[in-house]
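Here are the chains, one letter per residue:
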Amino acid sequence: LWAGTNAGTVYIFQITLPASDKRDAEQVQCVLGKEIQLKHRAPVIFICVIDRNAQPLPAALEVQHERAKAPDMTGNHQVLICSEEQFKMFSLPSLKAHHKFKLTATDGAKARRISFVNFRSKSDDRYVENDLVCLTNIGDVQVFSVPPLRRQLRAECIKKENVSGIISSVFTQSGEGFFLSSPSEFV
């Protein structure tokens, strides 16, 4: 279990579930395994473990119900930790930092919404790229390659005065973005 705080701390907990036949006798255990303090202490807004192919690990229930294929667990995993001000890639299990992008230092903006999106090639349906998409507080949408965290695209999306639109925005896995244009209407 990965948990990020508003003070820029990431807690990594190890949760141990007893076998289903022993759950009446044994308790679930939760132990703090590691704590990471980001130097800039900005609020953590997104954490994602990715496999060696730069694909985010799917939720266990999605795999169980066959909505996603089983993740590649052969090693070389990394974790992406995104705060409002910067994105940082760490190798697992050593937690050595490899790549980072300082959003606030580069653009003067802060991240508000972050998601992984699958981009499919128009010319070759077999080619799919999984990139990080970020909506900033000034209404820009930015796309970053993973794992090097290089910016691929920056485009104006929502007017920066539309604070409620920025706060209410969501991204789908296939790249659509939705936000409230009024208290009851999606765009």
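Reading guide: rules and limits
- Residues numbered from 1 in each chain as written.
- Predicted model: local features only at pLDDT ≥ 70, side-chain atom pairs only at ≥ 80, totals over all residues.
- Heavy atoms only, no water.
- pLDDT = per-residue confidence, 0-100.
- Helix = DSSP H or I, 4+ residues; strand = E, 2+ residues; numbered from the N terminus.
- Patch = residues over 30% accessible without salt bridge, like charges linked within 9 Å, V, L, I, M, F, W, Y side chains within 5 Å.
- Areas by Shrake-Rupley, 256 points an atom, 1.4 Å probe, with all protein chains shown as cover.
- Salt bridge = Lys/Arg side-chain N within 4 Å of Asp/Glu carboxyl O.
- Buried < 20%, exposed > 50% of the residue type's maximum accessible area, 1.4 Å probe, protein only.

(A) Local environment of the confidence of the model for the protein chain. Mean pLDDT over the protein chain stands at 92; residues scoring 70 or higher make up 100%. Averaged pLDDT values over the elements of the protein chain bottom out at 75 in strand E15 (residues 185–186) and peak at 97 in strand E1 (residues 2–4).

(B) The arrangement of a nonpolar patch on the surface in detail. Side chains of Leu-1, Ile-15, Leu-17 and Val-28 sit close together on the surface and give an oily, nonpolar patch of about 400 Å² of accessible area. Relative accessible area serves as the criterion here: at 53%, Leu-17 is assigned to the exposed category.

(C) Representation of the pattern of salt bridges in the model. What the rule picks out here adds up to 6 salt bridges. A salt bridge links Arg-112 to Glu-84, with the shortest nitrogen-to-oxygen separation between them at 3.0 Å. Separated by 28 residues along the polypeptide, Arg-112 in strand E8 (residues 111–120) and Glu-84 in the loop between strand E5 (78–83) and strand E6 (86–91) bring together distant segments of the chain. Overall, the relative accessible area of 29% leaves Arg-112 in the partly exposed class. Glu-84 sits in the buried class, given a relative accessible area of 17%. In this structure, Asp-107 engages Arg-151 in a salt bridge whose closest nitrogen and oxygen atoms are separated by 2.6 Å. Placement of Asp-107 in helix H2 (residues 103–107) and of Arg-151 in strand E11 (residues 151–156) is noted, with a sequence separation of 44 residues between them.

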